[in-house]
Amino acid sequence: ALNTPEDHPARDMQDTFWFHDPNGEADKKFLLRTHTSSIQARGMRIRKPPFRFIAPGKVFRCERTDASHEMIFHQVEGMLVGEKISVANLIYFMKTMLSEVFQKNVEVRLRPGFFPFVEPGFELDIKCLICGGKGCSVCKQVGWLELCPCGMVHPNLFKLAGIDHTKYNGFAFGLGLDRLVMMRYGIDDIRHINSGDIRFVQQFK
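Note on numbering: residues in each chain are counted from 1, in written sequence order. Per-residue local features are limited, in this predicted model, to residues with pLDDT of at least 70; the limit for side-chain atom pairs, both in listing and counting, is 80 or more; totals at the level of whole chains, interfaces and linings are taken over all residues. Side-chain metrics in this entry use all non-hydrogen atoms of the structure; hydrogen atoms and water are not considered.

A.B. asks: Tell me about the pattern of salt bridges, and please be specific about residues and values.
C.D. replies: Note on definitions: salt bridges are taken to be side-chain nitrogens of Lys or Arg within 4 Å of carboxyl oxygens of Asp or Glu. Going through the model one piece at a time under the given rule, you end up with 6 salt bridges. Linking aspartate 125 and arginine 109 is a salt bridge whose minimum nitrogen-to-oxygen distance equals 2.9 Å. With a gap of 16 residues between them, aspartate 125 in strand β6 (residues 118-127) and arginine 109 in strand β5 (residues 108-112) connect regions that are remote in the sequence. The rule is simple: take the accessible area with a 1.4 Å probe, protein chains only, and divide by the maximum for that residue type; under 20% is buried, over 50% is exposed, in between is partly exposed. Among the residues examined, aspartate 125 registers a relative accessible area of 2% and is labelled buried. Residue class for arginine 109 comes out partly exposed when judged on its relative accessible area of 32%. Labels follow the DSSP assignment, with helices taken as runs of H or I lasting at least four residues and strands as runs of E lasting at least two, numbered in each case from the N terminus.

Shown next, in the form of C-alpha cells:
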C-alpha cells in the first residue's frame, strides 16, 4: 500500500523489530512499526479528497543509539491532498510550522531523498541549534540535523487507494518529535528523553 518493494531496507532485520508468534507458529510474525507512514495508506482509504490530517505515534527501530538516534522515538505523520498542490506548498507549510514551534525563523534546507511513497522525495534538515551550525555530536559535526523526511505523494499510492491521481495530488511528511524537542530546548543527547531520570524530566513544566 506504500509502494514498498520486498527488498526495501524498511523491511530488513537491521532496521526492524520482528517478534514471532508467542503460540509457536513459525510462519507468523508481528512487527513493531518502523515509521508512521503506514497511516498515509489508512488515511487515504477512509477519506475522500480534499483532506488533510496529522497522526502522532511511537516507532521502533533496531539501530545503534547515539546523541541523535534512539531505538524508540515519536513521529508525527502529516498529509495534505487536494488539487494543484506543489512543492512550494510543502516548503511553505514546513517553514511556517517550524517558525511557530521555535517562535523565530530557522534555517532549513532540502536534500533529495528516496522514499517509495513520495516522488520527488526530500530530506528536510535544520541548522543545528545546539551548536549553531559549527558542528557537534548531535549533528555529527556537519552543522545540520535531519528533521523531516517529506515529499509529494507518489501516484501509485493514489491508485492503490482508489483516488484519481490525474485530478488529485498532495504532500506528506514524517516529523521526528524527539529531535524537534532537542532543537527546541537545547537537549544535546536524545537518550536523555527516555532515560527515566527525574532530574531531566523536572526541567519541563
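Still more ground to cover, so stick around.
A.B. asks: Let's hear about empty space enclosed by the protein: which residues, and what values?
C.D. replies: Site definitions follow a grid-based scheme: protein atoms alone, a 1 Å grid, a 1.4 Å probe that fits but cannot get out for cavities, and for pockets an open set with protein on both sides within 12 Å along at least five of seven lines, plus lining residues having an atom within 4 Å of a point. Grid points are joined across faces, edges and corners, and a volume is the space filled by probe spheres set on the points. Counted according to the given criterion, the structure contains 1 cavity of 30 Å³ or more. Lining the largest cavity are Ala1, Ala41, Arg45, Leu157, Leu160 and Ala161. Elements with a minimum of two residues in the lining of the largest cavity: α1 (38-46) and α3 (155-161). A total of 3 residues in the lining of the largest cavity trace back to one element, the largest contributor, which is α3. Here the term charged refers only to Asp, Glu, Lys and Arg, the term nonpolar to Ala, Val, Leu, Ile, Met, Phe, Trp, Tyr, Cys and Pro, and the term polar to all other amino acids, Gly among them. Its residues assigned to classes, the lining of the largest cavity shows 5 nonpolar, no polar and 1 charged.

A.B. asks: How would you sum up the environment of glycine 82? Please name residues and give values.
C.D. replies: One can find glycine 82 in strand β4 (residues 72-82). Linking glycine 82 and phenylalanine 171, residues 89 residues apart in sequence, is a C-alpha distance of 9.3 Å. For this analysis, residues touch if any pair of their heavy atoms sits within 4.5 Å. In this structure, glycine 82 is in contact with Pro50, Lys167, Tyr168 and Asn169, ignoring residues within four places of it in sequence.

A.B. asks: So what's going on with α1? Which residues, and what values?
C.D. replies: Residues of α1 that are buried include every one of Ile39, Gln40, Ala41, Gly43 and Met44, and no others. Where α1 is buried, its residues touch β3 (51-60), β4, β7 (144-153), α3 and β8 (169-176).

A.B. asks: Let's hear about unusual backbone geometry: which residues, and what values?
C.D. replies: With an omega of 0°, the peptide bond between proline 49 and proline 50 qualifies as cis. Tracing the backbone through its elements, the reader meets proline 50 in the loop between α1 and β3. For the peptide bond that leads from glutamate 119 to proline 120, omega is 0°, which places it in the cis range. Mapped onto the elements of the fold, proline 120 is located in strand β6. Positive phi is not limited to glycine here, since lysine 84 has a value of about 60°. Topologically, lysine 84 is positioned in the loop between β4 and α2 (87-102). Lysine 84 gets classed as exposed once you look at its relative accessible area, which sits at 78%. We note that lysine 140 has phi near 60°; this positive angle belongs to a residue other than glycine. Structurally, lysine 140 can be placed in the loop between β6 and β7. Since its relative accessible area comes to 42%, lysine 140 is described here as partly exposed.

A.B. asks: Give a description of the packing of α2 against helix α4 (residues 177-185) that names residues and reports values.
C.D. replies: At their nearest, the axes of α2 and α4 sit 10 Å apart, and the two run at 50° to each other. Classified by the angle their axes make, α2 and α4 are oblique. Side by side, α2 and α4 meet where Leu98, Val101 and Phe102 of the first sit next to Leu180, Met183 and Arg184 of the second. Considering only residue class, the contact of α2 with α4 consists of 5 nonpolar, no polar and 1 charged. Under this scheme, a helix contributes an axis fitted over its contacting stretch, all axes are lines through C-alpha atoms, and angles between N-to-C directions fall in the 0 to 180 degree range. Angle categories: roughly parallel below 35 degrees, roughly antiparallel above 145, roughly perpendicular from 65 to 115, and oblique for all the rest.

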